[in-house]
Amino acid sequence: MSAPEMLAVLLVVVLGLAATVSGQADGLSVVPPGPSVHASKGEVWPKPSSTKKTAWFYNLRPSSFQFLVTGSTCDVLENALTRYARVLQREAAVGRALARQEQRAGRRLRGWRNDPFFGGYITSLRVEVSACERWPYPSMDESYKLLVDVDEDAPDRAPTGRLTARSSWGALRGLETFAQLLSPSGDGSSLLLNATLVTDAPRFPHRGLLIDTSRHFLPVEDIKIELDAMEAVKMNVLHWHIVDDQSFPWQSSLFPELSAKGAYHPSLTYSPKDVLDVIQYARLRGIRVMPEFDTPGHTRSWGEGRPGLLAACHDFLGRPDGTYANIDPTKPENLDFLKQLFGEVAATFPDPMLHLGGDEVPDFCWDSDPGVRAYMENRGISGDYRRLQSDYLRWLTTEVQRLNRTPVVWQEAWQNGNFNADDVIVHIWLGNAMDLMNQVTRRGFRALLSETWYLDHLNTDWRAMYRIDPQNFHGRAEQLRLVEGGEACMWGEMADDTNVHSRIWPRAAAVGERLWSPRTTTDAAAAAPRLEELVCRLRRRGVTASPANGPGFCPR
């Protein structure tokens, strides 16, 4: 190279470095073309306990593929097989559309038939279940084993798949994993999957999503969309915060005036048929429906249809000022009403857990209602409103236990109460979560976590939620065993059927993975491509999930 040429090269390098430094100083950077994160292909969310793949792969054509039940069966399993057959057909249809687009663009299609690792066509998945249970329950067995490979006893035959599970719930989770292992073949309406062995079970038994249908009513069809998405990420508890201050949309058969006067509008209520529809839809997907009827606060709408239920605020002259707050627990007729109401709730919702709320209970109205004040004075607890709340919640939890239900309460109820360890499960949502988890479990209580997993906090992205571990405190082994899991919470002040799905997904999936996958699954960068793939998978199933990682696209 001549001296002038060398000088020119050096000049180019210097100018390039200067431009780079200048760009960095201005807060700018060169953005490469393409998605921010490239989606994986045929990877599972949530990450299984153990996955072993080989380079060998097989082709699956939905038109010639079948599920074969060789063990116990029931409506849960039969419904699932029909459902996942449709999933495979939908995935193949997307693959066919993509192949046509590639052909029109003049691109060369993938030649997988001549690949040396192509092992043939898979035509069936044998599903073996030891006990086909019909109703999901806490700590149900969701473990499974999935093998896709050539049969060692008959190597000349076509490859097959085998899914084994001790319960129908494990079979459901295994079917979801099988569906997620598939990806378009690239040249038509068939799918590919590698030879794979998956051994899997959840880390925590309680993996929930809270929806709020009081602040904004959600139609039943939208609740079903949430259940479909929950199934896709192996979440198993729908926490239905069904009523609150703003509205009472649940139709009680015993007390129809509660929704008649407490709902936003007669058309915005859940009939007994609607509730049963949701419960059955969830059941078939291995999802429990845990209702929440929050008391003694958060009950303003209850008072619209039940005069005298709420304590009345009085002004400084002792006159009612027309405002109300908490339930008045000092009236025997109110306690009788609550016994009947919660009896109906327990008869309607079969889940063994019932959330009683108990959070954010203000003193006002209690502190000015003459009847409440007289009651407290007669019992020597004047001014001790925490004691009044505690006495009420101890009474209510006892009544709920008599209904053969396990009460769940928000942390304030536990902090203000005087419960025994077997009385309640404590739900943590506020403050130093790990310190509270430590305190709760140290005293022998079971615990659920939701702090940081509030989906209405739009500035909390999925990576922040992914960093949270419910057992990230210095507790003894017996304390860690008391951690039941947790829930992502979609409070409804600013979410209705127009935006609720995109606000929940895919961030709730990050919670789902932390609650299902091994404790060592913490690498958000490694998870990002799988989450990118999950977003597109959810969209193909009718869930309007938001982008997960910035600029990108979903093939369609």
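Residues numbered from 1 in each chain as written. Predicted model: local features only at pLDDT ≥ 70, side-chain atom pairs only at ≥ 80, totals over all residues. Heavy atoms only, no water.

Looking at the overall build of the chain
- When you go through the chain residue by residue, the secondary structure sums to 16 helices and 18 strands.
- The C-alpha extent of the chain, read off along each of the three principal axes, is 100 × 70 × 50 Å.
- When each of the 556 residues of the chain is scored for burial, the buried share is 52%.
- Looking at the chain as shown, the accessible area adds up to about 24,500 Å², and 52% of this sits on carbon and sulfur atoms.
- Of the charged side chains in the chain, 61 are positive and 68 negative, and the gap between their average positions amounts to 6 Å. (Helix = DSSP H or I, 4+ residues; strand = E, 2+ residues; numbered from the N terminus. Buried < 20%, exposed > 50% of the residue type's maximum accessible area, 1.4 Å probe, protein only. Areas by Shrake-Rupley, 256 points an atom, 1.4 Å probe, with all protein chains shown as cover. Lys, Arg positive; Asp, Glu negative; His and termini not counted. Charge placed at Lys NZ, Arg CZ, Asp CG, Glu CD.)

Digging into the pattern of salt bridges
- A full pass over the atoms with the stated rule returns 31 salt bridges.
- Residue Asp 244 pairs with Arg 215 through a salt bridge whose shortest N-O separation is 3.6 Å. Placement of the pair is Asp 244 in the loop between strand S10 (237-241) and helix H5 (257-262) and Arg 215 in the loop between strand S9 (206-212) and helix H4 (220-232), with a sequence separation of 29 residues.
- Residue Asp 244 is classed as buried on the basis of its relative accessible area, which comes to 0%.
- Here Asp 391 ties to Arg 394 by a salt bridge, and the two come within 2.9 Å at their closest N and O atoms. Of this pair, Asp 391 and Arg 394 both sit in helix H9 (residues 385-402), 3 residues apart, roughly one helical turn.
- Of the residues examined, Asp 391 reaches a relative accessible area of 25% and is grouped as partly exposed.
- The exposure class of Arg 394 is partly exposed, given its relative accessible area of 27%.
- Salt bridges sharing common partners tie together Arg 83, Asp 228, Glu 231 and Arg 285. (Salt bridge = Lys/Arg side-chain N within 4 Å of Asp/Glu carboxyl O.)

Topic: the domain arrangement of the chain
- Domain assignment breaks the chain into domain 1 (50-200) and domain 2 (206-407 + 491-500 + 514-541).
- On a C-alpha basis, the centres of domain 1 and domain 2 stand 39 Å from each other.
- Listed per partner, the contact involves 25 residues of domain 1 and 21 residues of domain 2.
- A per-residue breakdown of the area domain 1 buries against domain 2 is headed by Trp 135, Arg 173 and Gln 180, which together make up 26% of the total. (Domains from an automatic or database assignment. Contact = heavy atoms within 4.5 Å. Buried area = accessible area lost by both parts, 1.4 Å probe.)

Let's talk about the state of the cysteines
- A complete count under the given rule lists 3 disulfides for this structure.
- Here Cys 74 pairs with Cys 132 through a disulfide, and the sulfurs are 2.1 Å apart. As the torsion about the S-S bond is roughly -65°, the Cys 74-Cys 132 disulfide counts as left-handed. Here Cys 132 lies in the loop between strand S4 (124-131) and strand S5 (144-149) and Cys 74 lies in the loop between strand S2 (66-69) and helix H2 (75-104), a separation of 58 residues in the sequence. (Disulfide = S-S within 2.5 Å.)

Examining the packing of helix H7 (residues 332-348) against H9
- The N-to-C vectors of H7 and H9 enclose an angle of 35°; their axes lie 10 Å apart at closest approach. The way H7 lies across H9 gives a crossing that is right-handed. Along its contact with H7, which presents Leu 335, Leu 338, Lys 339 and Phe 342, the element H9 presents Tyr 392, Trp 395, Leu 396, Glu 399 and Val 400.
- Split into classes, the residues belonging to the contact of H7 with H9 amount to 7 nonpolar, no polar and 2 charged. (Axes fitted to C-alpha atoms, helices over the stretch in contact; angles between N-to-C directions. Left-handed = near helix turned anticlockwise from the far one by under 90°. Nonpolar A, V, L, I, M, F, W, Y, C, P; charged D, E, K, R; others polar.)

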